[in-house]
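Here is how the chains run, residue by residue.
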Amino acid sequence: MDLFSPDPTWAESRIAELTDKLNAANHAYYVLDNPQMSDYEFDMLLAELTALERDFPAYVSPHSPTQRVGGSPAKGFATVAHTTPMLSLGNTYTKSDLIEFDARVRRGTAEPYTYVCELKYDGVSISLLYENGLLMQAVTRGDGRQGDDVTANIRTIASIPLKLSGNDYPARFEIRGEVIMPHKVFYALNAQREQAGEVPFANPRNAASGSLKLLDPKQTAARKLDCFLYFLLAEEYNGDSHLHCLEKAAGWGFKTGSFYRECANLDEVMAFIDEWDTKRAELPFDIDGIVIKVNQKWLWPVLGQTVKSPRWAIAYKFKAQQVKTRLLDIGYQVGRTGAVTPVAHLEPVALAGTVVKRASLYNADNVEKMDFRKGDTVLVEKGGEIIPKIVGIDLTQREPDGEPYRFATHCPECGAALVRKEGEAGYYCPNDDHCPPQIKGRLEHFISRRAMDINTIGESKVEVLYERGLLKTIADFYALDYQALYGLEGGDQAQNGNRRVVTLRDRSVRNILDGIEASKRKPFETVLFAMGIRYVGEVTAKSIARHFGNIDALKAATVEDLLQVPDVGEIIARSVRDYFSKPEHLEIIARLKAAGLQFETTRVAAVKDGVLSGTVWTVSGVFSRSRDEMKALIESNGGKISSSVSRNTDYLLAGDNMGPEKRKKALALGVEMVDEAAFFEKIAKTTVG
Ligand code: IVH
């Protein structure tokens, strides 16, 4: 080993040390709510780990904090049968029901028992499987008997341990709990969605559920979900108390919350319920009741269960708070993508701590179903949910000859006739090129951080420039000059979040122009994403840019050509085709090209001296990382990829469940098969030198 290369043994132990240290810091932060490390220190250690893992990929552990988000988007979720059905709980709303529940438990056993009261988290239930301390699988409840395998998404939840602490956990067990979205995250997500013209989520539960069903774990990671665990399924612990199981689980690293309490009798249960009926308003997440469980687990089989729910537990549900008010009108919001969302304007009324003036009506189907009349007295509810919803109409108070509301037929912003896509509950304004909120939305999208990142302009200046007629299309950014900008007055976001009026002077104008200039260096894939073609997100833009290589090839592509691109299906292909069939779009592209933007992928210089230089690889099967990542590793070490096994292939990188045809061919042609471990060894050797 030469003196300038790091020692691999050192790298291995340092990677392990950093992995443990960062996992412990995450646990302290996300589970215990008691940070042990500054953000700065965390970021520095994480950067060190990332760099080491890049140089020594063989030592990356699957429970490394860098491996929470891995892999490429899935095509769908596999269905998995639950080993033990995921039951639901009997619901009660009254204390007399609870008295009856307690009497039934008493009839079921002569032994002494206590209760454990817990919060009833309002989210999505999940079952996690651990083997030898490692998270192996996560499955949604589904219909109770089988659910979706959402492991990749669950791994992104920072409070769920990928590797357990201690050493007294069962070798194999399941633990169940609830995935929730905290209020803060929910508000931010909905604000972002509204801004992007997407329909906001009705409540944090729907948002959590939607987030778990995203096909791209990167997107789920951005949703910042949390998870409370409340049910341990492990034979080893069947003779223990439930309380003891919760404490054990917390010791292994699970977030069990500190909200549960053992109650000796029904009076104590009632006191717990009353306490939380008030205190729930202060929680940073939604709960919709209290769960009451018999603490002595050995009594659970004695008490038994009905088809749907156990007899040893029950849920007491809080009543949603409701109030009556008048429906003043129904308005419509048009988002960046043209989605039209109906909004009820209400006579202001106090409800659960806030004054309610508006309620989302979600979509056209819902407006139709509710069959509103102007001036109707409506029942507004704010239960576990933050956004109030209209749950009913008081028909006794309806004016006799009111006209029923019909959903808008035309866009309130530009007058275009609205369209409804087959199978969708909402209407869209199709006038994407000339509808003001859609134009502004596209301009804002173009300069946003993940797109061209022209942060010197910002949304409020886009608004002013649009109003002044200086910005009509994204190409106009590159026509802005000193004279046009100097002296411009407009709103700006002050640090405290309030708007203030600012006048653009020399420094700001130069900053803006510099920002625009810098954007010209953004790669083709970013430009393609920034153009705002419907359904073309960041990942798709990347695939398309890589596939076609330049804008001219893309312009000429047919729907069939587009369907060859990984991640591109019918809808995206059509949308891209439509975009390039409009002359005004071609003109915009011509102007952007003339301004010097990148419309060609720049090939990364081939690695000349990689350990795999001169070798051709075919990749097949499933690996601990995505196939694309494995291919990228081959290429970054100098190897070439071939999609099929042929005489030119040197190696077949063989994962689990490899295609039988490929294996046969490899055997027939004498192509060497290399498994994942051997592959990592091969490339680790080189990097070490
Ligand atoms: S125990 C066999 N505990 O409520 C009993 N469930 O209506 C397993 N839930 O499907 C569930 N908080 O999604 C339990 N502390 C808690 C809970 C809880 C929320 C959900 C769970 C379950 C549903 C039952």
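Shown above is the structure to which this text applies.
In what follows, the accompanying structure is described. Being a predicted model, the structure only gives us computed values, none of them experimental.

1. Things to note about the sheet that holds strand E11 (residues 313-317)
Spatial ordering of the open sheet is given by E2-E11-E10-E3-E9, a layout of five strands whose pairing is mixed. At either end of the open sheet lies a strand with only one pairing partner, and these are strand E2 (91-92) and strand E9 (261-263). With three bridges connecting them, strand E3 (residues 115-121) and E9 associate as antiparallel partners. When the bridges of E9 are listed, Tyr115 appears paired with Cys263.

2. Some details on the site of the ligand
The environment of the ligand is made up of 14 residues, and the closest members are Glu118, Leu119, Tyr121, Glu178 and Tyr230. Within the backbone of Leu89, a nitrogen or oxygen atom sits 3.4 Å from an oxygen atom of the ligand. A distance of 3.1 Å separates a nitrogen atom of the ligand from a polar side-chain atom of Lys293. Burial of the ligand by the protein chains amounts to 91% of its free accessible area of 520 Å².

3. Observations regarding the environment of Ala315
Residue placement: Ala315 occurs in strand E11. Sequence spacing of Ala315 and Ala339 is 24 residues, and the spatial spacing of their C-alpha atoms is 38 Å. When neighbours within four sequence positions are excluded, Ala315 is seen to be in contact with Leu89, Gly90, Asn91, Thr92, Lys120, Ile290 and Val291.

4. Quick notes on the sheet that holds strand E21 (residues 616-620)
Pairing is parallel in the open sheet, where four strands are placed in the order E22-E21-E23-E24. Strands with a single pairing partner mark the edges of an open sheet, and in this sheet they are strand E22 (640-641) and strand E24 (672-675). Examined bridge by bridge, strand E23 (residues 651-654) and E24 share four bridges and lie parallel to one another. Looking at the pairing, Ala654 lines up with Asp675 of E24.

5. Focus on the packing of aromatic side chains
Aromatic rings considered in pairs are described by the distance between their centres and by the relative angle of their planes. All chains considered together, the criterion is met by 33 aromatic pairs. Plain terms: the ring middles of Phe101 and Tyr115 are 6.0 Å apart, the flat faces sit at 35° to each other, and that makes the pair tilted. Highlighted residues: Phe101 in helix H3 (residues 95-108) and Tyr115 in strand E3, separated in sequence by 14 residues. By relative accessible area, Phe101 is classed as buried at 1%. The class for Tyr115 is buried, based on a relative accessible area of 1%. Members of the aromatic cluster, joined through ring pairs, are Tyr121, Phe228, Tyr230, Phe259, Phe272, Trp276 and Phe285. The ring of Trp276 has Lys279 lying over it, and the distance from NZ or CZ to the ring centre is 4.4 Å.

6. Some details on helix H15 (residues 506-519)
Between its terminal C-alpha atoms H15 stretches 20 Å, which fits the 20 Å expected from 14 residues at 1.5 Å a residue. What H15 keeps buried is the set Val509, Ile512, Gly515, Ile516 and Ser519. Relative to the axis of H15, the buried residues are bounded by an arc of 125° and lie together on one face. Summarising the geometry of H15, the exposed residues directed more than 90 degrees from the buried face are Arg507 and Asp514. Lining the buried residues of H15 we find helix H13 (458-467) and helix H14 (482-485).

Basis of the calculations
Residues numbered from 1 in each chain as written. Predicted model: local features only at pLDDT ≥ 70, side-chain atom pairs only at ≥ 80, totals over all residues. Heavy atoms only, no water. Pairing = 2+ DSSP bridges. Helix = DSSP H or I, 4+ residues; strand = E, 2+ residues; numbered from the N terminus. Near = heavy atom within 4 Å. Polar contact = N/O pair within 3.5 Å; in protein donor to acceptor, adjacent residues only side chain to side chain. Areas by Shrake-Rupley, 256 points an atom, 1.4 Å probe, with all protein chains shown as cover. Contact = heavy atoms within 4.5 Å. Phe/Tyr/Trp six-rings, centres within 6.5 Å; stacked < 30°, edge-to-face > 60°. Buried < 20%, exposed > 50% of the residue type's maximum accessible area, 1.4 Å probe, protein only. Lys NZ or Arg CZ within 6 Å of the ring centre and 35° of its normal. Expected span 1.5 Å × (residues − 1). Arc of directions from axis to C-beta.

Taken by themselves, the reported measurements are silent on function.
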